[in-house]
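If you want the building blocks of each chain, they are given just below.
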Amino acid sequence: MDYKDLANLIFPNVKDASYYEEKYPERKLKEGAMVVRFAPSPTGFVHIGGIYTSVICSKLAKQTDGVFILRIEDTDQKREVENGVVGIIDALKKFNLNPDEGMINEEDSKGAYGPYKQSQRKEIYQAFAKRLIEEKKAYPCFCTAEDLDEMRQKQESAKVRPGYYGAWAACRNLGLDEIEKRIKNGEEYIIRFRSPGNEERKIKHHDVIKGNIDFPENDQDIVIIKSDGLPTYHFAHVVDDYLMRTTHVIRGDEWLSSLPVHLQLFQALGIKPPKYAHIAPIMKEEDGAKRKLSKRKDPEAAVEFYAKEGIPSDAAKEYLLNIANSNFEMWRKQNKTASIDDFELQLNKMSISGALFDMVKLLDISKTVISRYSKEEVYDAAYTWATEYDEDLKKLLEDNKEYSLKVLGIERGNEKPRKDIAKWSDLKDNIEYMYDDRFLNKPHTYEYQNINDKEEIKKVISTYLEKYFDLSDDKQTWFDKIKDLSEELGYAREVKEYKQNPEKYKGHVGDVSTVIRIALTGRANTPDMYEIMKVLGEDSIKTRLEKAIK
RNA sequence: GGCCUGUUGGUCAAGCGGUUAAGACACCGCCCUUUCACGGCGGAGACAUGGGUUCGAUUCCCGUACAGGUCACCA
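Residues numbered from 1 in each chain as written. Chains lettered and ligands numbered in written order. Predicted model: local features only at pLDDT ≥ 70, side-chain atom pairs only at ≥ 80, totals over all residues. Heavy atoms only, no water.

1. Some words on helix H5 (residues 122-134)
Next up, step 1: Its 13 residues give H5 an end-to-end C-alpha distance of 18 Å, which sits within 8% of 18 Å, the value for a rise of 1.5 Å per residue.
Next up, step 2: The element H5 is largely enclosed, with a buried count of 10 among its 13 residues.
Next up, step 3: Inspection of H5 places Ile124, Tyr125, Gln126, Ala127, Phe128, Ala129, Lys130, Arg131, Leu132 and Ile133 among the buried residues, and these make up the whole buried set.
Next up, step 4: One or two positions beyond H5, positive phi appears at Lys136, with a value near 65 degrees. (Helix = DSSP H or I, 4+ residues; strand = E, 2+ residues; numbered from the N terminus. Expected span 1.5 Å × (residues − 1). Buried < 20%, exposed > 50% of the residue type's maximum accessible area, 1.4 Å probe, protein only.)

2. Points about the domain arrangement of chain A
Next up, step 1: The domains assigned to chain A are domain 1 (3-13 + 122-279), domain 2 (375-434) and domain 3 (454-549).
Next up, step 2: Each of domain 1 and domain 3 has a C-alpha centre, and these two points are 78 Å apart. (Domains from an automatic or database assignment.)

3. Description of the sheet that holds strand E5 (residues 138-141)
Next up, step 1: If you walk across this open sheet you meet the three strands as E5-E6-E9, and the pairing is antiparallel. Bordering the open sheet on either side are E5 and strand E9 (223-225), each of which pairs with just one other strand. Each neighbouring strand pair of the sheet contributes to a mean axis angle of 45 degrees, computed without reference to strand direction.
Next up, step 2: Bridging between E5 and strand E6 (residues 190-193) involves four bridges; their strand directions are antiparallel. Bridging across to E6, Cys141 finds its partner in Ile190. (Pairing = 2+ DSSP bridges. Axes fitted to C-alpha atoms, helices over the stretch in contact; angles between N-to-C directions.)

4. Here we look at the confidence of the model for chain A
Next up, step 1: For chain A, the mean per-residue pLDDT works out to 93, and 100% of the residues sit at or above 70.
Next up, step 2: The ipTM assigned to the predicted complex is 0.93, against a pTM of 0.92. (pLDDT = per-residue confidence, 0-100.)

5. What to know about the sheet that holds strand E1 (residues 35-38)
Next up, step 1: Pairing in this open sheet of four strands is mixed, and the strands run E1-E2-E3-E4 from one edge to the other. Two strands bound the open sheet, and with one partner strand each, they are E1 and strand E4 (109-110).
Next up, step 2: Where strand E2 (residues 67-70) lies against strand E3 (residues 101-103), two bridges are found, and the strand directions are parallel. When the sheet's bridge partners are listed, Ile69 is paired in E3 with Glu101.

6. Concerning the protein's contact with RNA strand B
Next up, step 1: For RNA strand B, the set of nearby residues contains 58 residues, the closest of which are Lys226, Trp255, Glu329, Arg418 and Lys419.
Next up, step 2: Counted by atom, the contact set of RNA strand B within 4 Å of the protein is 72% sugar and phosphate.
Next up, step 3: Ser227 is positioned with one of its side-chain polar atoms (N or O) 2.8 Å from a base oxygen of RNA strand B.
Next up, step 4: For the surface near RNA strand B, the secondary-structure elements that each account for two or more residues are E6, strand E8 (211-216), helix H12 (327-334), helix H13 (359-371), helix H20 (475-488), helix H21 (495-500) and helix H22 (509-521).
Next up, step 5: Across the surface near RNA strand B, the residue classes break down as 22 nonpolar, 11 polar and 25 charged. (Near = heavy atom within 4 Å. Polar contact = N/O pair within 3.5 Å; in protein donor to acceptor, adjacent residues only side chain to side chain. Nonpolar A, V, L, I, M, F, W, Y, C, P; charged D, E, K, R; others polar.)

Okay, here's the thing in structure tokens:
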């Protein structure tokens, strides 16, 4: 029996690895094209970090005329969740991230380098494992969980580095005959890589983001094929990214320390490794300590959170891009209405350490993004959101479509559009008072401000209605009339004038218009009152004002 | 604990041997001839620390502290 026989004994029915190498030839892409992939596990929860990675991948592929692949890493069947793949696909879709290749539903995929789901690639991994066994670069290991536990304990008490390596690797030098006997005996085993590494030696590596890093060589005989026949992450990564002809592996930097393992695997298979870009995770601060955004503790870690809050996905994307390349902000300032597709993302400009998630900044970006929307876009987006999350708002928009468009058009579409909506869940509160059936049927306690006296308020409003209110006025005339009203009642026409001689007046035009504003809307802060009046219309204005002084 | 990485205002960050150490968010003040939002102007606020190297270090080297990551038949 030789190693070839052993390989055949272990994997009798798999094809030769060269079959797959031919089946998935090098891609014919133009110089500099990047082949990248997002490779999540379907654990039923899409993390914002995954969207972050995808945004980066998708942009780079687009920028270079490359390929963006969605690969599902489902080799851990214990953690798998029903419809996990669809959940991921839907999340990407929401962010308008469209992979060129990869899974398109739970079972099917598109692209010539598939399957794109690791559980469907079992024989492929085995073919490469077989090659390693033939070349004596991998071997079966019969150690049980108990054996390994025992080994770890011994190592711990002996104060040596834990792990399956060197002399501790019990199955590493088993004789072929013994191996054959134990396999034929039906003993359980897994396949381990025979590491040629030496802990004393250093390897040099250049990461596209992190720069030059030195590591000690890996000397652990890591598991490559588990007892269920599926590969571990390390092995799957190497085989898949080789066969899918990935040029750049973009992944979280928690993988950085296993890089020596991966590099060694590539070398053992005689393959040139791809370039690596390890991105820093998005962090969160709690009790003074920084940590990764956690799916258990932080609602904002879940993609669903943004959907529920009604933060537009393009806003979240801009925020993510802003974390990725801080010059995005500058670019956006100079290209206010450009599509983010026109921004050129640079991997080497990415931050080396993790940024704290900043909700305030996200909402600020979101406000700006929404301010660029047309009223129709606001209507559609808000309506779509409401359909899922706010029945009442949906009804409000639906029952009054034409009117709602007018409301949403207030101070929108001009040079300096309003920026007061950061998320769709804010919207209802912002516009509800504009609807008569809601406003008039709600009991109001008007909280007036500087002018508080009931009689005075009555006088302001009734005088306005009798002598000065005329909706057909243009804005200047309309406002001049409010000034006239102020003057007649003993208030300064100009705020400045009042400030210079406060003793001469009861107040100023601002106080007077505030009274009208509050009577009209029930609130002290609103968009431009002239525009509001235009939208409300004469009848509504009169009803509202009269109601206020009743 | 070993290994790897990082540390510029409250946050995100430019900078890469000589700079008054950019900019954005947040904060404060003023202005924008009615509020708010927007916009404009201004303000406060930073190179973790100790040693080197150098004419000169935020920038380079070493140590310390602190932080993060990683040490599975999980990814």
